[in-house]
Amino acid sequence: MKRRTKIDRRGSGVSWRAFAFSLAVYILGMATTIFGSQNLVLYYAGIALIAVGAIAVSTAMVDALLSISRGFRTAIILAVLGIAAYLGWAVIVA
């Protein structure tokens, strides 16, 4: 049987490439701000890069935390089912 609904996987899971790129943008913004302090255009461009990088880093971290919580929730459900199966087996055997 084929699955009728298409599962949308965007936004779930840890994307190390997105995290590394956003961290690189953040660090580039810091470097531009520090080394471009004599030039106001470079200084404000660095602040803009820091803002964009900070938003991207926080988005990547939220996606990572959501994927961890999904896995943790699945592990808890499987643990509860295992405990219930063991208790059922212990009652039947005893």
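Scroll up a little and you will see the structure.
What counts, and where the lines are drawn
Residues numbered from 1 in each chain as written. Predicted model: local features only at pLDDT ≥ 70, side-chain atom pairs only at ≥ 80, totals over all residues. Heavy atoms only, no water. Patch = residues over 30% accessible without salt bridge, like charges linked within 9 Å, V, L, I, M, F, W, Y side chains within 5 Å. Areas by Shrake-Rupley, 256 points an atom, 1.4 Å probe, with all protein chains shown as cover. Salt bridge = Lys/Arg side-chain N within 4 Å of Asp/Glu carboxyl O. Helix = DSSP H or I, 4+ residues; strand = E, 2+ residues; numbered from the N terminus. Phe/Tyr/Trp six-rings, centres within 6.5 Å; stacked < 30°, edge-to-face > 60°. Buried < 20%, exposed > 50% of the residue type's maximum accessible area, 1.4 Å probe, protein only. Axes fitted to C-alpha atoms, helices over the stretch in contact; angles between N-to-C directions. Parallel < 35°, antiparallel > 145°, perpendicular 65-115°, else oblique. Left-handed = near helix turned anticlockwise from the far one by under 90°. Contact = heavy atoms within 4.5 Å. Nonpolar A, V, L, I, M, F, W, Y, C, P; charged D, E, K, R; others polar. Expected span 1.5 Å × (residues − 1). Polar contact = N/O pair within 3.5 Å; in protein donor to acceptor, adjacent residues only side chain to side chain.

Engineer: Whenever I open this one, a nonpolar patch on the surface confuses me. Can you help?
Structural biologist: A cluster of nonpolar side chains, Ile83, Tyr86, Leu87, Trp89 and Val93, forms an exposed patch at the surface whose accessible area comes to about 580 Å². Mapped onto the elements, Trp89 comes out in helix α2 (residues 40-93).

Engineer: Would you take a moment to explain the packing of aromatic side chains for this structure?
Structural biologist: Within a pair of aromatic rings, the relevant descriptors are the distance that separates the centres and the angle that separates the planes. Scanning all chains against the criterion turns up three aromatic pairs. Relative to Tyr44, the ring of Tyr43 has its centre 5.5 Å away and its plane inclined at 70°; by these criteria the two rings are edge-to-face. For Tyr43, a relative accessible area of 30% gives the class partly exposed.

Engineer: Would you mind showing me how to read the packing of helix α1 (residues 16-35) against α2 here?
Structural biologist: For any two helices packed against each other, the geometry is given by the interaxial angle and the distance between the axes. Between α1 and α2, the least distance of the axes is 7 Å, while the angle of their chain directions is 155°. One finds that α1 runs roughly antiparallel with respect to α2. The crossing of α1 and α2 is left-handed. On α2, the residues touching Phe19, Ser22, Leu23, Val25, Tyr26, Leu28, Gly29, Met30, Thr32 and Thr33 of α1 are Leu42, Tyr43, Gly46, Ile47, Leu49, Ile50, Gly53, Ala54, Ala56, Val57, Ala60 and Met61. Residue composition of the contact of α1 with α2, grouped by class: 16 nonpolar, six polar and no charged.

Engineer: Is there a simple way to think about α2 in this case?
Structural biologist: The α-helix winds at 3.6 residues per turn, so residues separated by three or four positions along the chain end up facing the same way. Spanning 54 residues, α2 covers 79 Å between terminal C-alpha atoms, matching the ideal 80 Å at 1.5 Å per step. Taken together, the buried positions of α2 are Gly46, Gly53, Val57, Ala60, Ala64 and Ser67. Residues of α2 that are buried make contact with α1. The distance from a side-chain oxygen at the start of α2 to the backbone nitrogen of Val41 is 3.2 Å, and the residue carrying that oxygen is Asn39.

Engineer: Hey, could you run me through the side chain of Ser22 in this one?
Structural biologist: One can find Ser22 in helix α1. Residue class for Ser22 comes out buried when judged on its relative accessible area of 3%. When sequence neighbours within four positions are dropped, the list of residues in contact with Ser22 reads Gly53, Ala56 and Val57.

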